[in-house]
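Survey of secondary and tertiary structure
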Amino acid sequence: MSGSHVIFIGGRSGAGKSTVAFALHDLLSQRDVQHAVIEGDCLDLAHPAPGEHHLAERNLAAMWENYRDLGYRRLIYTNTVSILQVPALTEAMGDAREVTSVLLRASDSTVAERLGRREHGDSLERHVQRSSTMAARLERSAGDDVHRLDTDVMTPLDVAEQIVDLSGWAEASGRAD
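As the structure is a computational prediction, the values presented were derived from the model and not from experiment.

1. Comments concerning the environment of Tyr67
For Tyr67, the location among the structural elements is in helix H2 (residues 55-69). The exposure class assigned to Tyr67 is partly exposed, which follows from its relative accessible area of 25%. Put simply, Tyr67 and Met134 are 67 residues apart on the chain and 31 Å apart in space, counted from C-alpha to C-alpha. With near-sequence residues (within four places) excluded, Tyr67 lies in contact with Ala36, Val37, Ile38 and Tyr72.

Below, the structure is given as structure tokens:
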């Protein structure tokens, strides 16, 4: 593999991004496919928000350089809007030659149930509303090259298997060249 291949997993809060990324990690680990997982939400999680400093991209560049130095060429990257930021994120990686973008979708009722496991009271209402607004934005803004997967009735493993198929990693060799 001459460059890196990244899978960007985006979607509204409660769509299952992190859960699917962990299922994908387990599936690829069982198949001995070398990869790394980065939760993009954590790359610039601070108060006040450092958005104008492009901290997420800078941190991704630093982390990916460390993984790349160890021979990693496959990355799973999750973040709500990652599928809308592909150019900036791949530029930060520096060597991403292949990209698979996946938008996870879920109904309002599924999202409310999932978010209800981790949010409560007014916080739950705010998260559900923001999630609904973001779902509309993602659906409207995601390009035709973005694969859309509905997570309402699929298990995380089912979604992970579909992403492996979409990425071509099912046939990938286990270790970096």
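Additional details are given in the paragraphs that follow.
2. Quick look at unusual backbone geometry
With omega at -5°, the peptide bond leading from His47 into Pro48 counts as cis. Positive phi values are uncommon outside glycine, yet Asp32 reaches one of about 60°. Among the structural elements, Asp32 can be located in the loop between helix H1 (17-30) and strand S2 (36-39). One non-glycine residue, His54, adopts positive backbone phi at about 55°. Examined against the element boundaries, His54 turns out to sit in the loop between S2 and H2.

3. Things to note about helix H3 (residues 86-93)
Of all the positions in H3, only Val86, Leu89, Thr90, Ala92 and Met93 are classed as buried. When H3 is viewed along its axis, its buried side chains cluster within an angular range of 155° and face the same direction. More than 90 degrees from the buried face of H3, the exposed residues found are Pro87 and Glu91. Contacts made by the buried residues of H3 are with strand S1 (4-11), H2, strand S3 (74-78) and strand S4 (96-105). Once H3 ends, the next one or two residues include Gly94, with phi positive near 85°.

4. Points about helix H6 (residues 156-167)
In this model, H6 (twelve residues) spans 16 Å end to end at C-alpha, consistent with the 16 Å of a helix rising 1.5 Å per residue. Where the residues of H6 are buried, they touch S1, H1, S4 and strand S5 (147-150). Remark: Gly168 follows H6 within two positions and exhibits a positive phi of approximately 80°.

The rules behind the values
Residues numbered from 1 in each chain as written. Predicted model: local features only at pLDDT ≥ 70, side-chain atom pairs only at ≥ 80, totals over all residues. Heavy atoms only, no water. Helix = DSSP H or I, 4+ residues; strand = E, 2+ residues; numbered from the N terminus. Buried < 20%, exposed > 50% of the residue type's maximum accessible area, 1.4 Å probe, protein only. Contact = heavy atoms within 4.5 Å. Arc of directions from axis to C-beta. Expected span 1.5 Å × (residues − 1).

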